[in-house]
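Structural overview for review
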Amino acid sequence: MAYETILTENRDGVGVVTINRPEVRNAMNAQVTRELRDALERFREDDGIGAVIFTGAGERAFVAGADIGDLRERTMLDGIAAPMQRLYDEVEEFEKPTVAAVNGYALGGGCELAMACDIRLASENARFGLPETGLSIIPGAGGTQRLARLVGKGRAVEMILTGRIIDAVEARDIGLVSRVVRPQELMDAALETCRTILSKGPLAVRLAKLAVKHGFETDQGTGMLIERLAQAILLSTEDKLEGMSAFLEKREPNFKGR
């Protein structure tokens, strides 16, 4: 399907979504939100896609936030409806692994999109921040919640209240991103990460993602129960037998599950 604000492609089983509005630093608006949701649904239904990468067109920006002209017209009812927050919830809940390949500015809604992904990789020129308080609003697409969970409450409050923008190295040091690479290596690093994940047991990957996310949101005892139940399911699968047989036979596994 042809979109107006995003590009999509299948790179050998990895879906790549590129926000394609470089003239406005890939700013999010209602149309981008609708098209991203549609692309997610297509990738969800496509068995040929095992993981998804999000990135931005050009080198200046991943997503430099919401389109301010669009944001200026939003009302209290728009805040309650929260279409961008709901979209990013869908990204976080997406069954297949997601990777943010952050090139350039990831501000406001761009930082929030990256945080909704399972893994974040950054180019050396990446910059992160939640500057919404300077517009007399707050990060409303999950920023107040996900940032604190990723970097700790103290750092999150400081970044949100001041609107301070941090570079890629600081983002890595505080745990906001996993790796920093040269700009020309970013997409290769993201694809390599996805292909490494895709070499593992598909159901194990899905249940590990579920156990970490939902276990983190509850007490440790409940998290341990989620872990036990996930492991019990996996121990009954053919892929478990295949993975262990392949290890013992010193060959590559041929997993079937999805």
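Residues numbered from 1 in each chain as written. Predicted model: local features only at pLDDT ≥ 70, side-chain atom pairs only at ≥ 80, totals over all residues. Heavy atoms only, no water.

A few points about the packing of helix H4 (residues 83–93) against helix H5 (residues 109–116)
Where H4 meets H5, the axes come as close as 8 Å, and the angle between the chain directions of the two elements is 25°. Compared by their axis directions, H4 and H5 come out roughly parallel. In the crossing of H4 with H5, the sense of the turn from one axis to the other is right-handed. Contacts from Met84, Tyr88, Val91 and Glu92 in H4 reach Gly109, Glu112, Leu113 and Ala116 in H5. For the contact of H4 with H5, the per-class residue count stands at 5 nonpolar, 1 polar and 2 charged. (Axes fitted to C-alpha atoms, helices over the stretch in contact; angles between N-to-C directions. Helix = DSSP H or I, 4+ residues; strand = E, 2+ residues; numbered from the N terminus. Parallel < 35°, antiparallel > 145°, perpendicular 65-115°, else oblique. Left-handed = near helix turned anticlockwise from the far one by under 90°. Contact = heavy atoms within 4.5 Å. Nonpolar A, V, L, I, M, F, W, Y, C, P; charged D, E, K, R; others polar.)

Section: the layout of surface pockets
Computed from the structure, the largest pocket encloses a volume of approximately 870 Å³. As for the largest pocket, its lining consists of 36 residues, of which Ile137, Ile138, Pro139, Gly140 and Ala141 are closest to the centre. Breaking the lining of the largest pocket down by element, the ones donating at least two residues are helix H2 (68–72), helix H3 (76–81), H4, H5 and helix H6 (143–151). Looking at the lining of the largest pocket, the element that brings in the most residues is H4, giving 5 residues. Considered class by class, the residues forming the lining of the largest pocket number 15 nonpolar, 10 polar and 11 charged. In this structure, the second largest pocket spans a volume of roughly 440 Å³. Taken together, 16 residues form the lining of the second largest pocket, with Glu92, Asp118, Leu150, Val212 and Lys213 sitting closest to its centre. Taken together, the elements giving at least two residues each to the lining of the second largest pocket come down to H5, H6 and helix H10 (202–216). Element by element, the count of residues in the lining of the second largest pocket is highest for H10, at 6 residues. Residues belonging to the lining of the second largest pocket are distributed by class as follows: 8 nonpolar, no polar and 8 charged. (1 Å grid on protein atoms, 1.4 Å probe; cavity = no way out; pocket = protein on both sides within 12 Å on 5 of 7 lines; lining within 4 Å. Points joined across faces, edges and corners; volume = space filled by probe spheres on them.)

So, the sheet that holds strand E3 (residues 51–56)
Judged by pairing direction, the sheet is mixed, and its 6 strands sit side by side in the order E1-E2-E3-E5-E7-E10 without closing on themselves. Pairing within the sheet leaves two strands with one partner each, and these edge strands are strand E1 (6–11) and strand E10 (179–181). Across the sheet, the mean angle separating the axes of adjacent strands is 20° when strand polarity is ignored. For E3 and strand E5 (residues 98–102), the ladder comprises 3 bridges, and the chain directions are parallel. Along E5, the bridge assignment pairs Val52 with Thr98. (Pairing = 2+ DSSP bridges.)

A closer look at the nonpolar core
Counting 46 residues, the largest nonpolar core has Leu36, Phe54, Phe62, Phe128, Leu147 and Leu176 as the members making the most contacts within it. Beyond its immediate sequence surroundings of up to four residues, Leu36 is in contact with Ile6, Val17, Ile19, Met28, Phe54 and Leu87. (Core = buried A, V, L, I, M, F, W, Y, C linked by side-chain atoms within 4.5 Å. Buried < 20%, exposed > 50% of the residue type's maximum accessible area, 1.4 Å probe, protein only.)

Looking at the environment of Ser123
Its location among the elements puts Ser123 in strand E7 (residues 119–123). Ser123 sits 54 residues away from Val177 along the chain, and the two C-alpha atoms are 10 Å apart.

Thoughts on a nonpolar patch on the surface
Together, Ile68, Leu135 and Ile137 make up a nonpolar patch on the protein surface, roughly 250 Å² of accessible area in all. In this fold, Ile137 is placed in the loop between strand E8 (127–129) and H6. Taking the relative accessible area as the measure of exposure, Ile137 reaches 33% and is therefore partly exposed. (Patch = residues over 30% accessible without salt bridge, like charges linked within 9 Å, V, L, I, M, F, W, Y side chains within 5 Å. Areas by Shrake-Rupley, 256 points an atom, 1.4 Å probe, with all protein chains shown as cover. Salt bridge = Lys/Arg side-chain N within 4 Å of Asp/Glu carboxyl O.)

Some remarks on the packing of aromatic side chains
Summed over the entire model, instances satisfying the criterion amount to 0 aromatic pairs. Taking the ring centre of Tyr105 as reference, the NZ or CZ of Arg25 above it sits at 5.1 Å. (Phe/Tyr/Trp six-rings, centres within 6.5 Å; stacked < 30°, edge-to-face > 60°. Lys NZ or Arg CZ within 6 Å of the ring centre and 35° of its normal.)

So, helix H9 (residues 186–198)
Over its 13 residues, H9 extends 18 Å from the first C-alpha to the last, a length consistent with the 18 Å expected when each residue adds 1.5 Å. Every buried residue belonging to H9 is among Leu186, Ala189, Ala190, Leu191, Thr193, Cys194 and Ile197, and all of these are buried. (Expected span 1.5 Å × (residues − 1).)

Notes on H6
Every buried residue of H6 is listed here: Gly143, Arg146, Leu147 and Val151. Down the axis, H6 shows its buried residues gathered within 105° of arc, on one side only. Structurally, H6 contributes buried residues whose contacts are with H4, H5 and helix H7 (153–162). Just downstream of H6 lies Gly152, where phi reads positive at about 100°. (Arc of directions from axis to C-beta.)

Here we look at the sheet that holds strand E9 (residues 166–167)
Strands sit in the order E4-E6-E8-E9 across an open sheet of 4 strands; the sheet is mixed. Among the strands making up the open sheet, the edge pair consists of strand E4 (61–63) and E9. Sheet topology places strand E6 (residues 105–107) next to E8; 3 bridges connect them, and they run parallel. If you follow Tyr105 over to E8, its bridge partner there is Arg127.

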